[in-house]
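The primary structure of each chain is shown beneath.
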Protein chains: 4
Amino acid sequence: MSYASQMLDTYDTSPIDARVLAAAIDAMNDCTQACIADTDADLGDESVAMMVACIRLCLDCADVCTATARVTSRPTAYHPSVTQPLLNACVAICALCGDECEEHADTHPHCEVCARACRRCEQACRDLLAATQEGQS
Amino acid sequence: MSYASQMLDTYDTSPIDARVLAAAIDAMNDCTQACIADTDADLGDESVAMMVACIRLCLDCADVCTATARVTSRPTAYHPSVTQPLLNACVAICALCGDECEEHADTHPHCEVCARACRRCEQACRDLLAATQEGQS
Amino acid sequence: MSYASQMLDTYDTSPIDARVLAAAIDAMNDCTQACIADTDADLGDESVAMMVACIRLCLDCADVCTATARVTSRPTAYHPSVTQPLLNACVAICALCGDECEEHADTHPHCEVCARACRRCEQACRDLLAATQEGQS
Amino acid sequence: MSYASQMLDTYDTSPIDARVLAAAIDAMNDCTQACIADTDADLGDESVAMMVACIRLCLDCADVCTATARVTSRPTAYHPSVTQPLLNACVAICALCGDECEEHADTHPHCEVCARACRRCEQACRDLLAATQEGQS
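In this report, we go over the structure that sits alongside the text.

Criteria and thresholds
Residues numbered from 1 in each chain as written. Chains lettered and ligands numbered in written order. Predicted model: local features only at pLDDT ≥ 70, side-chain atom pairs only at ≥ 80, totals over all residues. Heavy atoms only, no water. Helix = DSSP H or I, 4+ residues; strand = E, 2+ residues; numbered from the N terminus. Rg over C-alpha atoms; globule rule 2.2 N^0.38 Å. Buried < 20%, exposed > 50% of the residue type's maximum accessible area, 1.4 Å probe, protein only. Contact = heavy atoms within 4.5 Å. Areas by Shrake-Rupley, 256 points an atom, 1.4 Å probe, with all protein chains shown as cover. Lys, Arg positive; Asp, Glu negative; His and termini not counted. Charge placed at Lys NZ, Arg CZ, Asp CG, Glu CD. Axes fitted to C-alpha atoms, helices over the stretch in contact; angles between N-to-C directions. Parallel < 35°, antiparallel > 145°, perpendicular 65-115°, else oblique. Left-handed = near helix turned anticlockwise from the far one by under 90°. Nonpolar A, V, L, I, M, F, W, Y, C, P; charged D, E, K, R; others polar. Buried area = accessible area lost by both parts, 1.4 Å probe. Salt bridge = Lys/Arg side-chain N within 4 Å of Asp/Glu carboxyl O. Polar contact = N/O pair within 3.5 Å; in protein donor to acceptor, adjacent residues only side chain to side chain. Least-squares fit on C-alpha atoms with pLDDT ≥ 70 in both. Expected span 1.5 Å × (residues − 1).

Counting secondary structure elements, chain A contains five helices and zero strands. For chain A, the α and β elements follow one another from N to C terminus as α-α-α-α-α. Computed over C-alpha atoms, the radius of gyration of chain A comes to 16 Å, within 12% of the 14 Å expected from 2.2 N^0.38 for 137 residues, which places it in the range of a compact globule. Along the first, second and third principal axes, the C-alpha set of chain A runs to 50 × 30 × 20 Å. The buried share of chain A, taken over its 137 residues, is 65%. For chain A, contacts bridging at least 24 residues in sequence account for 71% of all contacts bridging at least 6. When the accessible area of chain A is evaluated, it comes to approximately 4,800 Å², of which 49% is carbon and sulfur surface. Distance between charge centroids for chain A: 6 Å, based on 8 positive and 21 negative side chains.

Between two packed helices, what matters for the description is the angle formed by their axes and the separation of those axes. Residue and element names in this part refer to chain D. Close contact between helix 2 (residues 18-43) and helix 3 (residues 52-72) brings their axes to 8 Å; oriented N to C, the two are set at 155 degrees. By the angle between their axes, helix 2 is roughly antiparallel relative to helix 3. Two packed elements cross with a definite hand, and for helix 2 against helix 3 that hand is left-handed. Facing helix 2, whose interface residues are L21, I25, M28, N29, C31, T32, C35, I36, D38, T39, D42 and L43, helix 3 presents C54, I55, C58, L59, C61, A62, C65, T66, T68, A69 and T72. Residue classes in the contact of helix 2 with helix 3 are distributed as 15 nonpolar, six polar and two charged.

Across the contact, 31 residues belong to chain C and 31 residues belong to chain A. Regarding the contact of chain C and chain A, the summed buried area is about 2,700 Å², with carbon and sulfur atoms giving 60% of it. Linking chain C to chain A there are two salt bridges. Residue A:D63 is joined to C:R70 by a salt bridge in which the shortest nitrogen-to-oxygen separation is 2.8 Å. At the junction of chain C and chain A, the tally comes to 16 residue pairs in polar contact (both at pLDDT 80 or more). Those elements that provide at least two residues to the side of chain C that touches chain A are helix 1 (3-8), helix 2 (18-43), helix 3 (52-72) and helix 5 (109-136) of chain C. Per-element tally for the side of chain C that touches chain A: the top contributor is helix 2 of chain C, with 10 residues.

We now examine the relation of the copies chain C and chain A. Once turned by 180 degrees and shifted 0.0 Å along the axis, chain C lies on chain A with an RMSD of 0.0 Å. Accordingly, the operation relating the two chain copies is best matched by a two-fold axis. When each C-alpha of chain C is compared by its distance to the rotation axis, C:N29 comes out closest, at 3.7 Å. Comparing contact sets, 100% of the residues at the interface of chain C also lie at the interface in chain A, consistent with an isologous, same-surface contact.

Moving on, we get to helix 2 (residues 18-43) of chain B. All names here are of chain B. Over its 26 residues, helix 2 extends 38 Å from the first C-alpha to the last, a length consistent with the 38 Å expected when each residue adds 1.5 Å. Counting buried positions along helix 2 gives 20 out of 26 residues, so the element sits mostly inside the fold. Here helix 2 starts with a cap whose side-chain oxygen sits 2.8 Å from the backbone nitrogen of R19, and that cap is D17.

All right, on to the pattern of salt bridges then. Under the criterion given, the structure shown has 47 salt bridges over all chains. Through salt bridges with shared partners, one network takes in A:D60, A:D63, B:R70, B:R74, C:R70, C:R74, D:D60 and D:D63.

Moving on, we get to the interface of chain B and chain C. At the junction of the two partners, chain B supplies 11 residues and chain C supplies 11 residues. Between chain B and chain C, roughly 860 Å² of surface is buried when both sides are summed, and carbon and sulfur atoms account for 67% of that area. By the criterion of area lost to chain C, the three top residues of chain B are B:L43, B:V48 and B:R56, representing 54% of everything that side buries. The tally of links from chain B across to chain C stands at two salt bridges. Put simply, C:R56 and B:D40 hold a salt bridge, and the shortest N to O gap is 2.3 Å. At the boundary of chain B with chain C, the tally comes to two residue pairs in polar contact (both at pLDDT 80 or more). When contributions to the side of chain B that touches chain C are tallied by element, the ones reaching two or more residues are helix 2 and helix 3 (52-72) of chain B. No other element matches helix 3 of chain B, which puts five residues into the side of chain B that touches chain C. Here the side of chain B that touches chain C is built from residues that sort into six nonpolar, two polar and three charged.

Moving on to the relation of the copies chain B and chain C. Note on the identical chains: chain B maps onto chain C by a rotation of 180 degrees and an axial translation of 0.0 Å, with an RMSD of 0.0 Å. Interface overlap between copies: 100% of the residues of chain B at the interface are likewise at the interface in chain C, consistent with a symmetric, same-surface contact.

Quick look at the environment of A:C97 now. All names here are of chain A. Along the chain, C97 falls in helix 4 (residues 80-103). In this structure, the C-alpha to C-alpha distance between C97 and I55, residues 42 residues apart in sequence, is 9.2 Å. Filtering out sequence-adjacent residues up to four positions away, C97 remains in contact with C35, L57, C58, C61 and C118.

The next thing to look at is the side chain of D:R74. Structurally, D:R74 can be placed in the loop between helix 3 and helix 4 (80-103). Classification of D:R74 as buried rests on a relative accessible area of 5%. Apart from residues no more than four positions distant in its own chain, D:R74 is found in contact with B:I36, B:D40, C:L59, C:D60 and C:D63.

On to the environment of A:C118. The residue A:C118 is located in helix 5 (residues 109-136) in this model. Apart from the residues within four sequence positions on either side, A:C118 is in contact with A:C31, A:C35, A:C61, A:C94, A:C97 and A:G98.

Below, the discussion takes up the side chain of B:D63. Within the element layout of this structure, B:D63 appears in helix 3. We classify B:D63 as buried; its relative accessible area is 4%. Every residue in contact with B:D63, bar those within four places of it in the chain, is listed here: A:A67, A:R70, A:V71, A:R74 and D:R70.

It is worth spelling out the environment of C:M28 at this point. Residues and elements named next belong to chain C. Mapped onto the elements, M28 comes out in helix 2. For M28, a relative accessible area of 0% puts it in the buried group. Considered as a pair, M28 and A131 are 103 residues apart in the sequence and their alpha carbons are 16 Å apart. Contact partners of M28, with chain neighbours within four places excluded, come to C65, T68, A69, T72, C90, C121 and C125.

Just geometry here; none of it tells us what the structure is for.
So this is what it looks like as structure tokens:
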């Protein structure tokens, strides 16, 4: 059981579903980690010039996931005007970064891992967006 | 001349206006700093229970400004699908945090400084959004 | 298997033991998450004034763990002059934050979770320090 | 007058000299900004393979400066066991990153700007270390 889940278990997070929220936070933290490590691996690649687009997207993805994880990990005062565009930015960068990493997945195992982390994070952020929009209606 | 300006002077940042971009990055970095310091000052307040909403907003504001400054400081590969919602999130949290800090401005000088930093950042992010939307059309 | 482990499996991280490194990165990421969530929970406490020391330590702990996880997740160019003091700072803040959280563990379940995350991170950073010092000798 | 200075003016930061502290925070924030922007510029270089060491050091430098600026911007509860190794890590990475950037300064104007930011930050952190050690004795 992740620390995000353990912490949210001690909380009342309504109207947000704690499982959906914890899954999103875990996916964002994992995606941050994968993108930071993938940047390091890409920089060590013999043909680093081919990996520049991937490095740039991983840098952006790690930063957006970090901020979104931090903000959504403070659910007590939830501001949809902030969280919704932030989650939309996270969905967008995870989609772009996942697409780019997937292009290199056959030849670069680290990009294959990173692509999976991005796909999962994109979906988890979409799920959280859907859950919070339901929560408001 | 700020380091953001000095760095952008060595670059081709078209179609984004380098002055508008540097002003936004500077405002986001200053707002991050003001919010982090304001959190510390609020926590030292005798009536900290009155400052909880302010602390929460400052924590969110610092994190969103940090990520937005990092992403916009890498303008070479500019992805509007990421940057525009991120800037919208930044505008939204700066507006909320600026409003809250303004409520305490008369009695808490640190909140007065922070309110100014939030207002300036909100406007600078709106200017950058406008400039990048023109750049695309 | 964590994303840190999956990524490090695609790497040559010698002379650092990849399992010790992955365990430290995982512990730092978990500690960051626990401290950010604990801050939010503390701020929601009825007697928030009693939790100020805990909030301050959690804020510092999250920031130091974040930076240390990022730097150690780029092991290809490893600089002991940077990584060793950084890990020492991480050990020190995890010890302080773990002690403070433990004081509230009986009455605040979120502090009990956070204390465990800090203790585990403190030990994992000590293990990584020991492993890298062996690696150099 | 920087926001760090404006905020610290509203505080009692003794036994730390507020001017020395504000100068260090400003230098760390500027160095973070220079390193993030320099990474983007290096990635755009035709001979990016020559810039890999520079990119790695800039990534580490930005992360260590960010954490050190955040922790020292919360001076109310000052823990030398954390702040001193953190500042030592900051001095070490600024020295390494400044040396590397200086090697490219003649041909890469962005590295020249970044080298200056690193040198200034290294010195400002040394000054803060000296000031806090005096403050304790």
